[in-house]
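Observations on chain architecture
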Amino acid sequence: MLDKSCANTYQMADLFQEDDCKKIVSVLVPYPVDKAYSYGVPEGMTVQSGDYVTVPLGGRAVPGVVWDDEPDSVSPKKLKNLIALYEDARAMPLVHRKFIDWSAHYNMAPRGAVLKMALSAPKGLEEGKGGTGYRLKIMTEEEQAYLSLSPKQRKVMEMLSGGNPRTAAALAKKAGCTPGVIKTLAKNGVLEEVTIPEIPPCSHPDHERHGPQLSEAQAMAAEELTAYIEAGGYHAALLDGVTGAGKTETYFEAVAAALQQDKQVLILLPEIALSNAFLDRFESRFGCAPALWHSQLTPAQRRKTWRGVMTGQSKVVVGARSALFLPYADLGLIIVDEEHDPAYKQEDNVIYHARDMAIVRAHVGKIPIVLVSATPSLETMVNVWDGRYQLLHLPDRHGGASMPDVHVIDMREDKPERQHFIAPTLMAALAANFECGEQSLLFLNRRGYAPLTICRGCGHRMACPRCTAWLVEHRATGRLHCHHCDYAMPMPDTCPDCGERESLAACGPGVERIFEEVTAYFPQARVKILASDTAQTHEELKQMLADIRDHKVDIIIGTQIIAKGHHFPNLTLVGVVDADLGLQGGDLRAAERTYQLLHQVAGRAGREQLKGHVFLQTWFPDNKVMKALASGDRDEFLEAEAAEREEAHMPPFSRLAGIVVSGKNEDQVIGVSNALGKSAPQGATIQTLGPADAPFYRLRGNFRRRLLVRADKNIDLQKTLAAWVSQIKIPSTVRIYLDIDPQSFL
């Protein structure tokens, strides 16, 4: 209860509650807790909602954010006090706190776990110490006359002639030299070291720089997007264009309009590590590199970017899905590029879909959002058809290039040789393309040499001891690998089951086996594999992509890493070795995702003046996916897919939630999942399927069972699930994962 002498000073807006005239605030900490804890405010400290503070928690001092919850009605004498206030940190905006609360509720995750994604670089709460820079040393004319400088050294001096100091790295990059050149100038007394303040990334992008000339369709779409920026408020649009239509340059105009208003911009990409060409185009357009946010940043880079975002100095962030939760000071525009990509779904810790949460962030913040894709998801297209999103369409490739011709190869009739996997028609096309001096790409979304190793004697299949998965042979390493838990073992000489020597045989192709076949046919060709395990670092990938662009490779053999946004001027032929691969299994979105992936791969061919050709090897030429790719009628395919989903009462015409029960004790997992199944919600508007063993019944040593809930769209699914699961007694060794709007069913 409040003391009467202080009750009149209580203000909900400030979240202060007084007892014995001492203030109390609620603080949310970045741990998997749903409650904001109450703390006393020390005398002389003034805090408000959104402030970053340090609080005592479990014997440690941890960062937190003053939250909007009403504090507990307890005596301040029983509460611990705040330890410190981060006075140099800008308070987290109310709009971002609301977004965190909404995301936590929708995805059924603890609010503190969502806050952890926003407070992911806590060292950024303190101002950086700055770094070492260089400037020209004041010299007499006589001293200058004795200088003997190389052209690169003179270039460095020209760059410093304005008087502003720069770091060695920045000077070296602009002057085209090594940092050693700068340090030599300093050693010789031409330059002097100074301490320069930390400069956040992308703090001064030039929105007035002109990009390339836009086509009529591009200009019309760009005008619509810039109008959204000028009007203010929430607007959602789909920028839909064929591969190579120039969608990036189109939405760069909206980015420039937001920068003109001094707003921050977020550009989400599904895999930032694959986006070297995009980053080069951004720097060319705006005169500086964007602020990057992805898992491969160093701690120092993360701290610097996080602080730049928090203070509002970093104006454009290009990042993977977690960049959405950074605490933007004044976000004015969100771009979700390749909005259809499955990589936007996070499957661990806080389970969420970044595209869908980006829509929410834009709506809460009353700002425009642009979804971009050549193969939009069915969910997005239904929102377009229902009038929720504006459609902006780019029908043609930029610069007059034409779409490639698509040829379907019926593998039942056009069969490869025994123990080979490339049909005669595709092999002939590869030979002709090689003779013409043009590049070819063979696509197979399967790493390694073979997906299955089997004993010819007893039929034993080499399986992962920790997962329900076959081990994949990699000839490059001489080992068998599990692509789910990273388990690996040497290739055995004998079958571990029957003991027969040299009986283990490779079944099916991976990219290494296709490489073996291609190099045997074309010994003079320069052939390279491009997969995530052949380009393990960012620099290796960058170099491999540069080699392909510079035509140092004749035939590329690639996995899905090659499918996303790359532009290879000389690439005119794409062959898909196994077009049916994604259609296997019972995935709800199997047809849609197969179409998207193959369409994106096909889009690598013929992006400039040379005509492109695409060959699809399939055992099911009459499948709707193959027919849609061959005819180029994407919308007909999407309409048919939508009709099937609606008839089956599946998303986007209903809602799904996945429940995964996981643990190392198999009996406990079965017991908990069965208990959930017995009390599962069932009715006319909601149905529960399962429990059943997950397709990967064992994963990383854990046994897994699944249930699937399907409900009408007007059902409060989160409330229903919370009430249901709370009835079950769950052992501490068993975990239940709730997946709202699941994208994977493994």
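See the structure printed just above.
Residues numbered from 1 in each chain as written. Predicted model: local features only at pLDDT ≥ 70, side-chain atom pairs only at ≥ 80, totals over all residues. Heavy atoms only, no water.

**Here we look at the overall build of the chain**
Rules: Numbering of helices and strands starts at the N terminus; helices are DSSP runs of H or I of at least 4 residues and strands are runs of E of at least 2. The globule rule used for comparison is 2.2 Å times the number of residues to the exponent 0.38, while the radius of gyration itself is calculated over C-alpha atoms. Exposure classes here rest on a 1.4 Å probe applied to the protein chains alone. A residue is buried below 20% of its type maximum, exposed above 50%, and partly exposed in between. Throughout, a contact is declared for two residues whenever any of their heavy atoms are within 4.5 Å. This count recognises Lys and Arg as positive and Asp and Glu as negative, with His and chain-terminal groups excluded. Charge positions come from single atoms, namely NZ of Lys, CZ of Arg, CG of Asp or CD of Glu.
Within the chain one finds 21 helices and 31 strands. Relative to the 2.2 N^0.38 estimate, which gives 27 Å for 746 residues, the radius of gyration of the chain is 29 Å and therefore close to what a compact globule would have. Taken along its principal axes, the extent of the C-alpha atoms in the chain is 90 × 90 × 55 Å. The buried share of the chain, taken over its 746 residues, is 52%. Restricting the contact set of the chain to residue pairs at least 6 apart, pairs at least 24 apart contribute 74%. Between the averaged position of the 82 positive side-chain charges in the chain and that of its 91 negative side-chain charges there is a distance of 6 Å.

**Thoughts on a negative patch on the surface**
Under the convention used in this document: Note that patches include only residues with greater than 30% relative accessible area and no salt bridge, and the join distances are 9 Å for like charges and 5 Å for nonpolar side chains (Val, Leu, Ile, Met, Phe, Trp, Tyr). In this description, accessible areas are obtained by the Shrake-Rupley approach with a 1.4 Å probe, and a residue is regarded as covered only by the protein chains that are shown. We define a salt bridge as a contact between a side-chain nitrogen of Lys or Arg and a carboxyl oxygen of Asp or Glu at a distance within 4 Å.
Taken together, the side chains of E87, D88, E126 and E127 define an acidic patch exposed on the protein surface. As for its placement among the helices and strands, D88 is situated in the loop between β5 (84–85) and α2 (94–107).

**Details of the sheet that holds strand β26 (residues 571–576)**
Note the cut-off: Criterion used throughout: strands pair if DSSP finds at least two bridges between them. Here, axes are lines fitted to C-alpha atoms. For helices the fit covers the stretch in contact, and angles between N-to-C directions go from 0 to 180 degrees.
Ordered by their spatial adjacency, six strands build an open sheet running β17-β27-β26-β18-β25-β24, and the pairing between neighbours is parallel. Sheet topology places β17 (405–410) and β24 (527–530) at the edges, where each strand pairs with a single neighbour. For this sheet, the mean inter-axis angle between neighbouring strands, taken without regard to orientation, is 20°. Across five bridges, the pairing between strand β18 (residues 439–443) and β26 is parallel. The residue bridging L442 from the neighbouring strand is G575, located in β26. In the packing of helix α16 (residues 538–549) onto the sheet, contacts are made with β18, β24 and β25 (555–558), and the angle to β24 comes to roughly 140°. Its contacts with the sheet put helix α17 (residues 590–602) on β18, β26 and β27 (613–618), and the angle it makes with β18 is roughly 165°.

**Focus on unusual backbone geometry**
Each neighbour pair has its own omega, and for P651 with P652 the value is 10°, a cis peptide bond. When you line up the elements, P652 lands in the loop between α19 (634–647) and β28 (655–663). Cis geometry is adopted by the peptide bond preceding P691, which originates at G690 and carries an omega value of 15°. If you trace the backbone, P691 turns up in strand β29 (residues 686–699).

**Structural notes on the environment of V242**
With respect to the helices, strands and loops of the structure, V242 is situated in the loop between β8 (235–241) and α9 (247–260). Residues V242 and T375, 133 residues apart in the sequence, show an inter-C-alpha distance of 8.0 Å. Aside from chain neighbours lying at most four places away, what touches V242 is K247, A374, L394, P395, D396, R397 and M403.

**Here we look at the side chain of Q687**
Inspection of the secondary structure puts Q687 in strand β29. Those residues in contact with Q687 that lie beyond four places of it in its chain are P681, Q682, L708, V709 and R710.

**What to know about helix α21 (residues 717–726)**
Going by this rule: Arc definition: directions from the helix axis to the C-beta atoms.
Residues L717, Q718, L721, W724 and V725 constitute the buried set of α21. In a view along the axis of α21, the buried residues occupy a sector of 135°, so they form one face of it. Projecting away from the buried face of α21 at angles above 90 degrees are the exposed residues K719 and S726. Packed against the buried residues of α21 are α2, β28, α20 (666–678), β29, β30 (702–711) and β31 (734–740).

**As for the pattern of salt bridges**
Applying the stated rule across the entire model yields 29 salt bridges. Measuring nitrogen to oxygen at the nearest pair gives 3.0 Å for the salt bridge that ties E253 to R285. Placement of E253 in helix α9 and of R285 in helix α10 (residues 276–286) is noted, with a sequence separation of 32 residues between them. Note on R285: relative accessible area 4%, which makes it buried. The closest approach of N and O atoms between E339 and R355, which form a salt bridge, is 3.3 Å. Pair noted here: E339 is in the loop between β12 (331–337) and β13 (345–346) and R355 is in helix α12 (residues 354–365), with a separation of 16 residues, a long-range link. Each of the two residues, E339 as well as R355, counts as buried.

**Details of the sheet that holds β8**
One open sheet holds the seven strands; their spatial order is β10-β11-β9-β12-β15-β8-β16, and the pairing between them is parallel. On the outer flanks of this sheet lie β10 (291–293) and β16 (390–394), each paired with one strand and no other. On average, each strand axis in the sheet is tilted by 20° relative to the strand beside it, whichever way the strands run. As defined by bridge partners, β12 adjoins strand β15 (residues 368–373) across four bridges and the pair is classed as parallel. Considered in β15, the bridge of D337 is made with V372. In the packing of helix α11 (residues 299–311) onto the sheet, the strands contacted are β9 (264–268), β10 and β11 (316–319), and the crossing angle to β10 comes to about 115°.

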